[in-house]
Amino acid sequence: MNTIKTTLLLLMIVMLNATVAKAQEGHPLEGKWNLTINQEGKELPSWLEIRHSGNSRLIGRFTYAFGSARPIAEIKKYGEIFSFEIPPQWEPGASNMVFEGKLDDDTLKGTMVYVDGKKYEWSAVKAPNLSFYDNVKEGKAVKLFNGKNLDGWKVIEGNQWKVVNGILTSSQSGVNLISEQKFKDFKLKAEFRYPEGSNSGLYLRGRYEVQIADNIGLEASSIYFGGIYGLISPNMNMAKKAGEWQTYEITLIGRRVTIVANGKTIISNQNIDGMTGGALDNKEDEPGPIMIQGDHGPVEFKTLEITPLSKV
C-alpha cells in the first residue's frame, strides 16, 4: 500500500514538473516588442511586453505614445488572433483602447480602437538586444549647451527656449528641445533647477525619460524624481527643494543605466525594458539625441555635457 502511494506521489510530481516546464517554455508571442501605431498620418512609437503567468495565461505591459507603462491583466487568444484592452491613462476619453493582432512570421500586426472609437493599424517587431560591456573607453566630452545660445539644438516652431544670463531656460510650457548630435553609449552630466510644482525630463537617445520633477519628500517612484518614467524606480528620492540647483550623472551602456542624483547612486546598472511615453522613435539599436522635455513645466539648465563611451 505504501509502495502504491509513493508511486502515485512520484507520478504526480513528475506530471507537475512537466506542466511547469511546458509553461516555462514560453509562447511565440512572448517578449518585448517595439510597436508602431499609424494614427492620423503619424507613426507613434509605442511598446508592448507579453509574458506568461502560470500554465496558459498571457499578461503584459503596454506604453502608448505618451504616459507610462501600464499593466495588461490578460491577453486573450482565439486561435492565431490575440487581443487585450487598456484603460485610458492620459488619453482624452473614458473608453478602453482595444488591441487585436496576430503573429505574421517575425512581426506582430493588428488594429487598435482608440478611446474615441476610431480604428488604426499597427505593427511590431521584437526589441533588439543591446550589448553591455565593463571595459569602457571614454571619448571627447561634448558640451551640449555652450552657455551662450541654442547652437547644437533643433529649434522648432513654437520654441520658448532661450539663454538668460548663461542659463538655458524654458519659462513656460511649449516645445521639447532636441540635440542635433546623436549618441549611442555615454555619460551625461546635467545641472538643473525648476520652480515649485514643475515637471520636466531628459530623454536618453530620445527614447528613455529620466524624470525631473518637484517631488521632494515623496516616496521614491518610477514616475517621480530620478526614475526612468514608468519603468525603473530609484532606490531613494534625492530631490532637493524647488529653486535649488541639482545634478544628474547618467551612464547608459546598451540598456543598462546608472543614475547618480545629487551625489547619491539611485539607480545602479538596471536594464531599461523599453521606450517611455513621448519617445521620438523606437529604433533602439541606433544612436539617438538628447531631448529635454519642454511641453510640461518650466525648467532651467546650467550644464549639459555628454561623454561618448565605447568598448575598449
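Residues numbered from 1 in each chain as written. Predicted model: local features only at pLDDT ≥ 70, side-chain atom pairs only at ≥ 80, totals over all residues. Heavy atoms only, no water.

1. Some thoughts on the overall build of the chain
Next, step 1: Within the chain, the regular secondary structure consists of 1 helix and 22 strands.
Next, step 2: Expressed along its principal axes, the backbone C-alpha trace of the chain runs to roughly 90 × 45 × 40 Å.
Next, step 3: Considering the chain as a whole, with its 312 residues, one finds that 44% of them fall into the buried category.
Next, step 4: Within the chain, residue pairs in contact and separated by at least 24 positions form 55% of the contacts whose partners lie at least 6 positions apart.
Next, step 5: When the accessible area of the chain is evaluated, it comes to approximately 16100 Å², of which 49% is carbon and sulfur surface.
Next, step 6: Of the charged side chains in the chain, 36 are positive and 36 negative; the average position of the first set lies 4 Å away from that of the second. (Helix = DSSP H or I, 4+ residues; strand = E, 2+ residues; numbered from the N terminus. Buried < 20%, exposed > 50% of the residue type's maximum accessible area, 1.4 Å probe, protein only. Contact = heavy atoms within 4.5 Å. Areas by Shrake-Rupley, 256 points an atom, 1.4 Å probe, with all protein chains shown as cover. Lys, Arg positive; Asp, Glu negative; His and termini not counted. Charge placed at Lys NZ, Arg CZ, Asp CG, Glu CD.)

2. Quick look at the packing of aromatic side chains
Next, step 1: Tallied over the full model, the rule gives 13 aromatic pairs.
Next, step 2: Plain terms: the ring middles of F84 and F99 are 4.9 Å apart, the flat faces sit at 5 degrees to each other, and that makes the pair stacked. Taken together, the residues F84 in strand β5 (residues 81–86) and F99 in strand β6 (residues 97–104) connect sequence positions 15 residues apart. Assigned by exposure class, F84 and F99 land together as buried. (Phe/Tyr/Trp six-rings, centres within 6.5 Å; stacked < 30°, edge-to-face > 60°.)

3. Here we look at the side chain of Q160
Next, step 1: Locating Q160 in the fold gives a position in the loop between β11 (153–154) and β12 (161–164).
Next, step 2: Looking at Q160, the relative accessible area reads 8%, which means it is buried.
Next, step 3: From its side chain, Q160 meets the backbone nitrogen of V175 in a polar contact 2.8 Å long.
Next, step 4: Engagement of the side chain of Q160 in a polar contact is seen with the backbone oxygen of G294, the distance being 3.3 Å.
Next, step 5: Not counting residues within four places of it along the chain, the set of residues in contact with Q160 comprises T169, S170, Q172, G174, V175 and G294. (Polar contact = N/O pair within 3.5 Å; in protein donor to acceptor, adjacent residues only side chain to side chain.)

4. Let's talk about the nonpolar core
Next, step 1: In this structure, L202, Y248, V257, F301 and L304 are the most contacted members of the largest nonpolar core, which totals 44 residues.
Next, step 2: Listing elements by their share of this core, those giving two or more residues are β15 (185–193), β16 (199–204), β17 (208–213), β18 (246–253), β19 (256–261), β20 (264–271) and β22 (299–311).
Next, step 3: If we skip the residues at most four places from it in the chain, F301 touches F145, W161, I167, L168, A190, E191, F192, L202, I212, W245 and I292.
Next, step 4: Among the nonpolar cores identified, the runner-up in size contains 25 residues, and Y64, A65, M97 and F99 belong to it. (Core = buried A, V, L, I, M, F, W, Y, C linked by side-chain atoms within 4.5 Å.)

5. Description of the confidence of the model for the chain
Next, step 1: Confidence in the prediction for the chain averages 92 pLDDT; 92% of positions are at 70 or higher.
Next, step 2: Under a pLDDT of 50 for its full length, residues 13–24 has, in the predicted model, 5 contacts with residues more than four places off or in other chains. (pLDDT = per-residue confidence, 0-100.)

6. A look at the environment of I72
Next, step 1: Among the structural elements, I72 can be located in strand β4 (residues 70–78).
Next, step 2: The buried category is assigned to I72, whose relative accessible area is 3%.
Next, step 3: Taking the C-alpha atoms as reference points, I72 and N165, separated by 93 residues in sequence, lie 48 Å from one another.
Next, step 4: Excluding residues within four positions of it along the chain, I72 makes contact with L48, I59, G60, R61, F62, F84 and I86.

7. Quick word on the layout of surface pockets
Next, step 1: Considered as a void within the structure, the largest pocket measures approximately 550 Å³ in volume.
Next, step 2: Forming the boundary of the largest pocket are 27 residues, of which F66, G67, Y203, Q293 and H296 lie nearest the centre.
Next, step 3: Elements supplying a minimum of two residues to the lining of the largest pocket: β2 (42–53), β16 and β17.
Next, step 4: A class-by-class count of the residues in the lining of the largest pocket yields 13 nonpolar, 11 polar and 3 charged. (1 Å grid on protein atoms, 1.4 Å probe; cavity = no way out; pocket = protein on both sides within 12 Å on 5 of 7 lines; lining within 4 Å. Points joined across faces, edges and corners; volume = space filled by probe spheres on them. Nonpolar A, V, L, I, M, F, W, Y, C, P; charged D, E, K, R; others polar.)

8. Structural notes on the pattern of salt bridges
Next, step 1: Using the criterion set out here, one finds 14 salt bridges in the structure.
Next, step 2: Linking K32 and E49 is a salt bridge whose minimum nitrogen-to-oxygen distance equals 3.7 Å. Of this pair, K32 sits in strand β1 (residues 31–39) while E49 sits in strand β2, and the two are 17 residues apart along the sequence.
Next, step 3: Its relative accessible area of 29% is what places K32 among the partly exposed residues. (Salt bridge = Lys/Arg side-chain N within 4 Å of Asp/Glu carboxyl O.)

9. Concerning the sheet that holds β6
Next, step 1: Ordered by their spatial adjacency, 8 strands build a closed barrel running β1-β2-β3-β4-β5-β6-β7-β8, and the pairing between neighbours is antiparallel. Each adjacent strand pair in this sheet contributes to an overall mean axis angle of 30 degrees, direction not counted.
Next, step 2: Examined bridge by bridge, β2 and strand β3 (residues 57–63) share 7 bridges and lie antiparallel to one another. Residue pairing across strands places I50 opposite G60, the latter belonging to β3. (Pairing = 2+ DSSP bridges. Axes fitted to C-alpha atoms, helices over the stretch in contact; angles between N-to-C directions.)

10. Some thoughts on the environment of G197
Next, step 1: One can find G197 in the loop between β15 and β16.
Next, step 2: On the basis of relative accessible area, G197 is assigned to the exposed category, the value being 62%.
Next, step 3: C-alpha of G197 to C-alpha of K126: the two residues are 71 residues apart in sequence and 38 Å apart in space.

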